[in-house]
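Next come the chains, spelled out residue by residue.
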Amino acid sequence: MSTFNAPKGTYDLLPPDSATFLAVREAIARPLRNSGYGYIETPGFENVELFARGVGESTDIVTKEMYAFETKGGDRLALRPEGTASVLRAALEANLHKAGNLPVKLWYSGSYYRYERPQKGRYRHFSQVGAEAIGAEDPALDAELIILADQAYRSLGLRDFRILLNSLGDKECRPVYRAALQDFLRGLDLDEETLRRAEINPLRVLDDKRPDVQKQLTDAPILRDYLCDACKTYHEEVRELIGAAGVVFEDDARLVRGLDYYTRTTFEFVHDGLGAQSAVGGGGRYDGLSEMIGGPALPSVGWALGVDRTVLALRAEGVELPLPTVTSVYAVPLGEEARRVLFAKVTELRKLGIATDFAYGGKGLKGAMKNANRSGARYAIVAGERDLAEGVVQLKDMESGDQAPVGLNEIVAELETRLG
Ligand code: HAM
C-alpha cells in the first residue's frame, strides 16, 4: 500500500495477467500486418476541436466523456477518446493520401480515455487495437476489415461472439430517414432530455437502453426501408463478400453507434458472456469524416477492438492463451566469485535468445531456489566456490529434480541443446 491508488475507473496491468494483454494485442495486429496495414502512432492528446467536429458535438463522448483541458500555453486539448479522428488527421497532415496509393491502410494500438461511469468492462482508461483504410469506396474493403477482425478473435480461440451488421445510409438517404424518425419520436411520451436528443440526433434515441423507451420504439421507422439504391447495392455486396468468406453475421437494422461520423456499413462485435458492456469491438464506414475535419473527400472504413473487453471475453469463455515461458534458465550463485562467473553465463545465454534470470541480492541457496521455482524456469544452474574450483556448475532439471555437474565451458551449449 502507498498513499495513492490507481484513479477511479482505471486499473494496472500486472504480470502474469499482463502477458495476456500483450498476446491479445498481437493476435489482433497479426492479420492486419498480413494484409497491408502499416503501423501508425499518434499523440495521446489532440486539439479538442478535432474530436468535437469528428466524433460529433452532440455525442456523449464529446459532451460528457472527454478529458478536455487548457494548457498553460492556452491550447485547448483533449485526451483522445478514440483513434479514428486522430489517424485521419495524421494521414491528411502527412499527405499520405497524395502518395498515389489508395487506400492508405493503417493500424494502431494504444490507450484511450473516456470519463464514463465505471463498471465491469467500462473503464476511464482502456486500450484498443484499431485499423483504418482511408480513401477508397469499395465493399471489398469493408468486408476485408470485418473478416480480419473475425479472424483475430478466432485465432484467440473466442467462440461466443456475434457480428451485428447494418447500413446507416449516406448523405442522400439518411436525411430523409432522419426526418421521418423525428416525426415519429415527436409523437412519443419521452422526457425532456430525450426529446432534445431527438431533435439533435434522433438515431441515438434508438440506442436508448431503458425498457419504457424501447417499448415505444417498436414501430419506429427503420433505416433499411429508406436506403437509396446506391446504399442498398453497396450493402448487399458487403454482405455477400463476408458471407462468401464463411463469416457468420446478423443483420441488425437497429444498430447505431455512439459516434456521428458513420455512413453506410456499420458493425459491432458483441460477446454474450460480458453482461451490459457486451461490445468487444465496433466500426464502420465514415465517408464524410475527412471533409468534416477540413480535408478532401476521402471515403474510408475502419474498426477498433477493445483489448480490455477481449480479455474479459477470453476469461468468460475460459480460454487460456498459450503464453510463452517467461524464464527458461535461472542462475543461482553462491559467493562473490560465482556471482561474476554466472552473471557472465547469464549474459551469454540471453544473447542466444534463451530467457534467463539471476538470483540477485546475495540470497542464500534456499531463498534463491525458491525464486528459481517461482520463475517457472525449466533449469537452474547453481555454482559455489567448490564447483568453480572443479571447473563445473550444477545443472538442475527443475521438473525431474535431477542434478548433475556440467563443465563451465560446456554449460551454455548444453542448455542450448536441451532447450532446443
Ligand atoms: P467504439 O465503439 O467507441 O468505436 O470503441 C471500440 C471498442 O473500444 C468498443 O467496442 C469497446 O470494446 C472498447 N471501449 C470503448 N469504450 C470503452 C470503455 N470505456 N472501457 C473499455 N472499453 C471500451 C471507436 O472508438 C471507433 N473509433 C471505432 C472505429 C474505427 N470506427 C471506424 N474506425
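Model, not experiment: these values are computed from the prediction.

> Describe the domain arrangement of the protein, and please don't skip the residues or the numbers.
Domain boundaries assigned for the protein yield domain 1 (17–173 + 227–316) and domain 2 (329–419). If you average the C-alpha positions of domain 1 and of domain 2, the two centres end up 48 Å apart.

> An account of the packing of aromatic side chains is needed here, citing residue identities and associated values.
Counting across every chain of the model gives 14 aromatic pairs. Arg 80 extends its terminal NZ or CZ atom over the ring of Tyr 112, reaching a point 4.4 Å from the ring centre. Note that Arg 124 overlies the ring of Tyr 115, its terminal NZ or CZ placed 4.0 Å from the centroid.

> Can you tell me about the sheet that holds strand E2 (residues 45–47), naming the residues and giving the values?
Across the sheet, three strands lie side by side as E2-E4-E3; this open sheet has antiparallel pairing. Edge strands, defined here as strands with exactly one partner in the open sheet, are E2 and strand E3 (68–70). The mean angle between the axes of side-by-side strands here comes to 35°, regardless of whether they run parallel or antiparallel. Strand direction decides the pairing type here: E2 and strand E4 (residues 76–79), joined by three bridges, are antiparallel. Counterpart to Glu 46 in the pairing with E4 is Ala 78. Across the sheet, helix H2 (residues 48–55) lies against E2, E3 and E4, angled at about 80° from E2, the strand it touches most.

> Kindly report on the pattern of salt bridges, identifying the contributing residues and their values.
Taken as a whole and assessed by the stated rule, the structure comprises 31 salt bridges. Across the pair Arg 162 and Glu 250 runs a salt bridge whose closest N-O atoms are separated by 3.0 Å. With Arg 162 in strand E7 (residues 161–167) and Glu 250 in strand E8 (residues 250–251), this residue pair connects regions lying 88 residues apart in the sequence. By relative accessible area, Glu 250 is classed as partly exposed at 32%. Ionic pairing is found between Arg 418 and Glu 414, a salt bridge with its closest N-O pair at 2.7 Å. Placement of both Arg 418 and Glu 414 in helix H16 (residues 411–418) is noted, with a separation of four residues, approximately one turn of the helix. Beyond isolated ion pairs, a larger network of salt bridges with shared partners links Glu 26, Arg 30 and Arg 33.

> Residue-level account of the site of the ligand, with values.
Around the ligand there are 27 residues in total, and Glu 82, Glu 116, Tyr 123, Glu 132 and Tyr 262 lie nearest to it. Note that a nitrogen atom of the ligand is positioned 2.9 Å from one of the side-chain N or O atoms of Thr 84. Ala 279 is positioned such that a nitrogen or oxygen atom in its backbone is 3.0 Å from an oxygen atom of the ligand. Considered on its own, the ligand offers 660 Å² of accessible surface; in the complex 96% of this is hidden by protein. Among the elements that take part in the shell around the ligand, strand E10 (residues 279–285) stands out by supplying six residues, more than any other. Here the residues of the shell around the ligand sort into eleven nonpolar, nine polar and seven charged.

> Could you give an account of the side chain of Lys 345, naming the residues involved and the relevant values?
Examined against the element boundaries, Lys 345 turns out to sit in helix H13 (residues 336–351). Engagement of the side chain of Lys 345 in a polar contact is seen with the backbone oxygen of Leu 408, the distance being 3.1 Å. Beyond its immediate stretch of four places on either side in the chain, Lys 345 contacts Leu 408, Ile 411 and Val 412.

> Quick one: what's the story with the sheet that holds strand E13 (residues 356–358), residue by residue and with numbers?
Within the open sheet, the five strands sit side by side as E13-E12-E14-E15-E16. Their pairing is mixed. What marks the edges here is a single partner per strand, and that holds for E13 and strand E16 (403–407). Put simply, the sheet's adjacent strands are angled 25° from each other on average, direction ignored. Contacting strand E12 (329–333), E13, strand E14 (379–383) and strand E15 (392–397), H13 crosses the sheet at an angle of about 160° to E13. Relative to the sheet, H16 contacts E12, E14, E15 and E16, its axis offset from that of E15 by approximately 20°.

> Before we move on, can you summarise the environment of Phe 358 with the specific residues and values?
On the secondary structure map, Phe 358 appears in strand E13. Look at Phe 358 and you get buried, because its relative accessible area is 4%. Taking the C-alpha atoms as reference, Phe 358 lies 65 Å from Leu 195; in sequence the two are 163 residues apart. Apart from the residues lying within four places of it in its own chain, the contact partners of Phe 358 are Tyr 330, Ala 331, Pro 333, Arg 339, Leu 342, Phe 343 and Val 346.

> Break down the side chain of Glu 82 for me, citing the residues and quoting the values.
Secondary-structure assignment places Glu 82 in the loop between E4 and helix H4 (84–93). Although Glu 82 is buried, it makes no salt bridge; Arg 114 carries the closest opposite charge, 5.7 Å away. Among the polar contacts listed, one links the side chain of Glu 82 to the backbone nitrogen of Thr 84, at a separation of 3.2 Å. A distance of 2.8 Å separates the side chain of Glu 82 from the backbone nitrogen of Ala 85, its partner in a polar contact. Ignoring anything within four residues of it in the chain, the contact list for Glu 82 reads Phe 51, Val 55, Tyr 112, Arg 114, Leu 259 and Tyr 261.

> An account of helix H6 (residues 174–186) is needed here, citing residue identities and associated values.
The first and last C-alpha atoms of H6 sit 18 Å apart over 13 residues, in line with the 18 Å expected at 1.5 Å per residue. When we look at burial in H6, the residues that qualify are Arg 174, Tyr 177, Ala 180, Leu 181, Gln 182 and Leu 185. Lining the buried residues of H6 we find helix H7 (192–200), helix H8 (202–205) and strand E9 (263–271).

> Account for the pairing of strand E11 (residues 300–306), with residues named and values stated.
With seven of its seven residues buried, E11 lies for the most part within the structure. Every second residue of E11 is oriented toward a common face, with Ser 300, Gly 302, Ala 304 and Gly 306 on one face and Val 301, Trp 303 and Leu 305 on the other, all of them buried. Pairing analysis gives seven bridges linking strand E6 (residues 125–134) to E11, with the strands arranged antiparallel. Bridging across to E11, Gly 130 finds its partner in Ala 304. Note that E10 and E11 share five bridges and pair antiparallel. Opposite Gly 284, over in E11, you have Gly 302 as the bridge partner.

Rules of the game
Residues numbered from 1 in each chain as written. Predicted model: local features only at pLDDT ≥ 70, side-chain atom pairs only at ≥ 80, totals over all residues. Heavy atoms only, no water. Domains from an automatic or database assignment. Phe/Tyr/Trp six-rings, centres within 6.5 Å; stacked < 30°, edge-to-face > 60°. Lys NZ or Arg CZ within 6 Å of the ring centre and 35° of its normal. Pairing = 2+ DSSP bridges. Helix = DSSP H or I, 4+ residues; strand = E, 2+ residues; numbered from the N terminus. Axes fitted to C-alpha atoms, helices over the stretch in contact; angles between N-to-C directions. Contact = heavy atoms within 4.5 Å. Salt bridge = Lys/Arg side-chain N within 4 Å of Asp/Glu carboxyl O. Buried < 20%, exposed > 50% of the residue type's maximum accessible area, 1.4 Å probe, protein only. Near = heavy atom within 4 Å. Polar contact = N/O pair within 3.5 Å; in protein donor to acceptor, adjacent residues only side chain to side chain. Areas by Shrake-Rupley, 256 points an atom, 1.4 Å probe, with all protein chains shown as cover. Nonpolar A, V, L, I, M, F, W, Y, C, P; charged D, E, K, R; others polar. Lys, Arg positive; Asp, Glu negative; His and termini not counted. Expected span 1.5 Å × (residues − 1).

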